[in-house]
Amino acid sequence: LRIPSEQGRHKAFSTCLPHLAVLSLFISTGTFAYLKTPSISSPSLDRVVSFLYSVVTPAVNPLIYSMRNQELK
């Protein structure tokens, strides 16, 4: 927030926010998978959580970096 120009702040937040979103998705799905109670266990829910944890978060990171590289070019 100490960046003097509005454009500089926008650039910093546009770079940082997607990474924070992926990190929060990764941590929340991992936490949910390990801390859920057996009473809410269902095969379809387990598949969705494992898909988000193991496929979506690693796949989104290259997309974020490719968007950032295009913006820098």
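Predicted model, so just to flag it, every value in this text is computed and none were measured.

Another aspect to go through is the side chain of Thr57. Position of Thr57 among the secondary structure elements: in helix α2 (residues 43-72). By relative accessible area, Thr57 is classed as buried at 3%. Within the local environment of Thr57, its side chain forms a polar contact with the backbone oxygen of Tyr53, the two atoms lying 2.9 Å apart. Beyond its immediate chain neighbours, meaning those up to four positions away, Thr57 contacts Val22, Leu25, Phe26 and Leu52.

For helix α1 (residues 6-35), with 30 residues, the first-to-last C-alpha span of 41 Å sits near the 44 Å given by 1.5 Å per residue. When α1 is considered as a whole, its buried residues turn out to be Val22, Thr29 and Gly30.

Let's shift gears to the packing of aromatic side chains. Enumeration over the complete set of coordinates arrives at one aromatic pair. Aromatic side chains Phe26 and Tyr53 sit 4.7 Å apart centroid to centroid with 10° between the ring planes, which places their arrangement in the stacked category. On the criterion of sequence distance, the pair formed by Phe26 in helix α1 and Tyr53 in helix α2 is long-range, its members being 27 residues apart. Owing to a relative accessible area of 35%, Phe26 belongs among the partly exposed residues under this scheme.

All right, on to the UniProt feature "transmembrane region" (unreviewed entry) in the protein then. UniProt marks residues 12-35 and 47-65 with the feature "transmembrane region" (unreviewed entry), using the numbering shown here. Along residues 12-35 one finds 100% helix and 0% strand; the C-alpha atoms at either end are 34 Å apart. Taken end to end, residues 47-65 is 100% helix and 0% strand, and its two terminal C-alpha atoms sit 27 Å from one another.

A few words on a nonpolar patch on the surface. A surface patch of nonpolar side chains, about 940 Å² in accessible area, is lined by Phe13, Leu17, Leu20, Leu23, Phe26, Ile27, Tyr34, Leu35 and Tyr53. Here the element with the most residues in the nonpolar patch is α1; it accounts for eight residues. Tracing the backbone through its elements, the reader meets Leu17 in helix α1.

Let us now look at the side chain of Thr29. As for its position among the elements, Thr29 is in helix α1. Separated by 3.2 Å, the side chain of Thr29 and the backbone oxygen of Phe26 make a polar contact. If sequence neighbours within four positions are ignored, Thr29 has contacts with Val49, Leu52 and Tyr53.

Conventions and cut-offs
Residues numbered from 1 in each chain as written. Predicted model: local features only at pLDDT ≥ 70, side-chain atom pairs only at ≥ 80, totals over all residues. Heavy atoms only, no water. Helix = DSSP H or I, 4+ residues; strand = E, 2+ residues; numbered from the N terminus. Buried < 20%, exposed > 50% of the residue type's maximum accessible area, 1.4 Å probe, protein only. Polar contact = N/O pair within 3.5 Å; in protein donor to acceptor, adjacent residues only side chain to side chain. Contact = heavy atoms within 4.5 Å. Expected span 1.5 Å × (residues − 1). Phe/Tyr/Trp six-rings, centres within 6.5 Å; stacked < 30°, edge-to-face > 60°. UniProt positions renumbered as here; feature names shortened; annotations may be inferred. Patch = residues over 30% accessible without salt bridge, like charges linked within 9 Å, V, L, I, M, F, W, Y side chains within 5 Å. Areas by Shrake-Rupley, 256 points an atom, 1.4 Å probe, with all protein chains shown as cover. Salt bridge = Lys/Arg side-chain N within 4 Å of Asp/Glu carboxyl O.

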